[in-house]
Amino acid sequence: MSSSSSGFSGDETAPFFGFLGAAAALVFSCMGAAYGTAKSGVGVASMGVMRPELVMKSIVPVVMAGVLGIYGLIIAVIISTGINPKAKSYYLFDGYAHLSSGLSCGLAGLSAGMAIGIVGDAGVRANAQQPKLFVGMILILIFAEALALYGLIVGIILSSRAGQSRAD
């Protein structure tokens, strides 16, 4: 289990799962952010041809999609700072906790990014034709963003469980 010559304590394969969780959080969240930005950005560009005065007002979905990447970054930093097997024992339980933390945040960010992109694209185009739809579009975008926020919250809770497997 532990190698006393290297000063490592815990399970030697456990950090692999922890680092995989950090990578999953960042990669999946940024994939969602990129998709949401690209999809809604296409809608903004298309709408801007007909109604250029609404471009700045219609940039909201692009900004909301960009925030998703920050959620993944937060979890990735939390996880990576929690992996230090030479200072504190790091067991498979801890690695799995960090993996599940990263996956929950990352996949929630990916799905929220897809929702924001689709709603943002259709919403800004519809807003160009009927300005009364703006508030409804913003509400739908807020609910889509909340999905990623749920993933961030669960990710923080799961990450905090690491280190509670054994009494050292």
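Everything below is about the structure printed above this text.
These numbers come from a predicted model, not from an experiment. (Residues numbered from 1 in each chain as written. Predicted model: local features only at pLDDT ≥ 70, side-chain atom pairs only at ≥ 80, totals over all residues. Heavy atoms only, no water.)

Asker: Now, about the overall build of the protein chain: what can you tell me, with residues and values included?
Answerer: Across its full length, the protein chain carries four helices and zero strands. When the helices and strands of the protein chain are listed from N to C terminus, the series reads α-α-α-α. A compact globule built from 168 residues would reach a C-alpha radius of gyration of about 15 Å, whereas the protein chain, at 20 Å, exceeds it by more than 25%. Based on the C-alpha atoms only, the size of the protein chain along its principal axes is roughly 70 × 20 × 15 Å. Every one of the 168 residues in the protein chain was classed for burial, and the buried ones make up 42%. Of the contacts formed within the protein chain by residues at least 6 apart in sequence, a portion of 83% connects residues at least 24 apart. Of the roughly 8,400 Å² that the protein chain leaves accessible, carbon and sulfur atoms contribute 73%. Taken as two groups, the 9 positive and 7 negative side-chain charges of the protein chain have centres that lie 11 Å from each other. (Helix = DSSP H or I, 4+ residues; strand = E, 2+ residues; numbered from the N terminus. Rg over C-alpha atoms; globule rule 2.2 N^0.38 Å. Buried < 20%, exposed > 50% of the residue type's maximum accessible area, 1.4 Å probe, protein only. Contact = heavy atoms within 4.5 Å. Areas by Shrake-Rupley, 256 points an atom, 1.4 Å probe, with all protein chains shown as cover. Lys, Arg positive; Asp, Glu negative; His and termini not counted. Charge placed at Lys NZ, Arg CZ, Asp CG, Glu CD.)

Asker: Hey, could you go over a nonpolar patch on the surface for me, with residue numbers and the actual values?
Answerer: Nonpolar side chains collect at one region of the surface, where Leu147, Leu149, Tyr150, Ile153 and Ile157 lie side by side and expose about 470 Å² of accessible area between them. Tracing the chain through its elements places Tyr150 in helix H4 (residues 134-161). (Patch = residues over 30% accessible without salt bridge, like charges linked within 9 Å, V, L, I, M, F, W, Y side chains within 5 Å. Salt bridge = Lys/Arg side-chain N within 4 Å of Asp/Glu carboxyl O.)

Asker: Which residues make up the nonpolar core, and what are the values?
Answerer: Across soluble globular proteins, nonpolar side chains show a tendency to be buried alongside one another. Judged by nonpolar contacts, the single largest core of 25 residues is most densely connected at Leu68, Tyr71, Ile75, Ile116, Met137 and Leu141. Of all elements in the fold, only helix H1 (14-50), helix H2 (60-81), helix H3 (92-129) and H4 reach the threshold of two or more residues within this core. The contact partners of Ile116, leaving out residues within four places of it in the chain, are Ser40, Pro61, Met64, Ala65, Leu68, Leu141, Ala144 and Glu145. (Core = buried A, V, L, I, M, F, W, Y, C linked by side-chain atoms within 4.5 Å.)

Asker: Tell me about the pattern of salt bridges, residues and numbers included.
Answerer: In this structure the tally under the stated criterion is three salt bridges. For Lys39, the salt bridge is made with Asp121, and the minimal N-O distance between the two is 3.6 Å. Separated by 82 residues along the polypeptide, Lys39 in helix H1 and Asp121 in helix H3 bring together distant segments of the chain. Glu53 is the salt-bridge partner of Arg51, the closest N and O atoms lying 2.7 Å from each other. Within the structure, one salt-bridge network assembled from shared partners comprises Lys39, Asp121 and Arg125.

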